[in-house]
Amino acid sequence: MPFVYNFPFFSIFICMISGIVTPLLKNGRWAYRLSLFASGAGLVLSSILLGTIGPSGQSYSFMMGHFPAPWGNELSVGPLEAVLAVAICLVMLMALLGGRKDIFDDILPEKQKLYFIMMNEILAALLALTYTNDIFTAYVFIEISTIAACAIVMAKDQSATLVATMRYLIMSLLGSGLVLIGIVLLYCITGHLLFPNLQQRVLELVATGQYTMPLTVVVGLIVLGLGIKSAMFPFHLWLPPAHGSATTASSSVLSGLVVKGYIILMIRLFYKVFTIEVIRELRITNMIFLFGLAGMIVGSVGAIKEGHIKRMLAYSSVAQLGYVFMGIGLGTDIGVMAACFQILVHASTKPMLFGCASALSASRHHNKQLHALRGAAYENKLAGVGFTVGALSMIGIPLFAGFAAKVFFASATMAQPVKMWMTLLTLALSTVLNALYYIPAVTVLWSRPVDGETGEKQPKDPAFAVSTVVFIAAVFFLGICYQPVVELIQTGLSLL
Amino acid sequence: MEHLLINHYETAAVILFGIGFLNLLLQNNLVKKVIGFGVMDSAVYLFLASQGYIEGRMAPILVGEVAHAADYINPIPAGLVLTGIVVSVSVTAFSLALIQRLYQKYQTVNFDEIVQLARQKGDE
């Protein structure tokens, strides 16, 4: 076995160990450096792994502790997992850099260390959800990321964040309860926990027509549970307060990564356990498709009505997650490919928008109401440019990442006449709605302030500059040179 | 109907799961919500434990010589229950800590009242 094959395990392990070591460090600054190191190390390891297995399209299962299946625990690695892991580590690193100032301003000094434990554990959980080949391990990491995600929301100890955390926690627990009972029922009808064995048994059950009803219920429970946790349409109401009130780095990580972790797991379960054909036959995809379409519209309408810039961005996340669910709901390889691409697009755009919005409001005494930010872009030009690039990408202007994603969604629907016109219509409507709130926001930021409203000049923040430049580069990369990324995703999906 | 009676452990577990789930969803009192969560998770453990138990077999603990594998009950569900208990203990601890924090701020554990008070303060 080549040494590179150990890297997925190493990247998860480094993050977990960093989380455990963090409380022993002297203060928050050191904990911050250790978190940077953990996500940086994860990025380097995942990039080397991607460079090794990506071009040749290899995939393999990694035995944990040398116990063979069906007894041992496994990781499964392929090009898709490697691409997602690179994106996760990169976004985590950049979110930490971009949110540095706010972390140390918003959180009490004695609590700062604890905050970075949560960040490390979230990264470990996300990587584990991306790589794991065992359904119960997946459940454990779902719960780890739930607790850690709630903790990073409440880290900014204000009444608004506490109430938002409570709401988030309740919804998350309902979701993980449903996932848990779904997994238990699945274990009862199949007798296995590892994905390959499960898939074999599920296909046997489908072929013999046994347990069709329980199987439908299991898929329904797992989709519903993961859907609640990733803010699928009717269950999205917890997201705007939680993402809108947390500190910058938390908002970035939550919208950019945590909600995606559950969707990635859902996609992997659909391919590696139930197979997409069975899911299509059970008609679960149609439900996901409709919820996705509804989410695209409802999220945008919510954002139009919102005057608080971070909550507006959070509502926009609901809409963007709607796109992902719509892609999965198409129930075809190309639809899921578009959904994976949209995951990358949103992960590189939304954290930048959150970072820039916070940087812009810093010169206005952290007032995040949109009308208070008139002309703020002139006081922090880089943040203004970053916000504009992000907004244009979310609307879907050509050359920006969002445009490429929309083109993929549109072309993915061509084979299905009924879904085609629904998708195209909703895509068009949602683009108009996106423009209706992003364009006014950008206009306000760049209009000359009415006199007497200028804020104080903020000191330069090189960490924020690096993170914004990297995110802008990522948005243009995904918008212009998307071909290699798409090819990797396609090979990865075919190997799942 | 017969199936429900034969699998009475599973039936009870699913009913308990429903009770816990609805309590977690609908209760206004935050502490009762946490209790609902406890009931929900315990129901899942009951379900798992009843799946693993096979009438007339031994606990999978080695005493002296190794008997045949068919003499033991299935140990995997017990392992899953243990993992699940660890998870639910930590989630419960976290929720209770959060509730305590909310109580210190608002002097109540009724979630509707808390939301209203937060809105009145206008610090959302």
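Small disclaimer: the values here were computed from a predicted structure and weren't measured.

Draft legend 1. Region of the structure containing the interface of chain B and chain A. Facing 35 residues of chain B, the contacting portion of chain A comprises 31 residues. Summed over both partners, the interface of chain B with chain A comes to about 3200 Å²; 82% of that surface belongs to carbon and sulfur atoms. If you look at where chain B meets chain A, you find 1 salt bridge. Here Asp-157 of chain A makes a salt bridge to Arg-101 of chain B, at a shortest N to O gap of 2.3 Å.

Draft legend 2. View of the layout of surface pockets. Taken as a whole, the largest pocket holds about 650 Å³ of empty space. In this structure, the largest pocket is lined by 24 residues; those nearest its centre are Met-118, Ile-147, Ala-151 and Met-154 of chain A together with Phe-94 of chain B. Where the lining of the largest pocket is concerned, the elements lending two or more residues are helix H5 (112-131) and helix H6 (135-154) of chain A together with helix H4 (76-106) of chain B. A total of 8 residues in the lining of the largest pocket trace back to one element, the largest contributor, which is H6 of chain A. Across the lining of the largest pocket, the residue classes tally to 18 nonpolar, 1 polar and 5 charged.

Draft legend 3. Representation of the side chain of Ser-172 of chain A in the model. All names here are of chain A. Tracing the backbone shows Ser-172 in helix H7 (residues 159-190). Residue classification places Ser-172 among the buried positions, given a relative accessible area of 4%. Residues in contact with Ser-172, not counting those within four places in the same chain, are Thr-146 and Lys-229.

Draft legend 4. Region of the structure containing the nonpolar core. The biggest cluster of nonpolar side chains holds 219 residues, and the ones touching the most others in it are Phe-270, Phe-274, Phe-341 and Phe-387 of chain A. If you tally residues by element for this core, the top one is H7 of chain A, at 18 residues.

About the criteria used
Residues numbered from 1 in each chain as written. Chains lettered and ligands numbered in written order. Predicted model: local features only at pLDDT ≥ 70, side-chain atom pairs only at ≥ 80, totals over all residues. Heavy atoms only, no water. Contact = heavy atoms within 4.5 Å. Buried area = accessible area lost by both parts, 1.4 Å probe. Salt bridge = Lys/Arg side-chain N within 4 Å of Asp/Glu carboxyl O. 1 Å grid on protein atoms, 1.4 Å probe; cavity = no way out; pocket = protein on both sides within 12 Å on 5 of 7 lines; lining within 4 Å. Points joined across faces, edges and corners; volume = space filled by probe spheres on them. Helix = DSSP H or I, 4+ residues; strand = E, 2+ residues; numbered from the N terminus. Nonpolar A, V, L, I, M, F, W, Y, C, P; charged D, E, K, R; others polar. Buried < 20%, exposed > 50% of the residue type's maximum accessible area, 1.4 Å probe, protein only. Core = buried A, V, L, I, M, F, W, Y, C linked by side-chain atoms within 4.5 Å.

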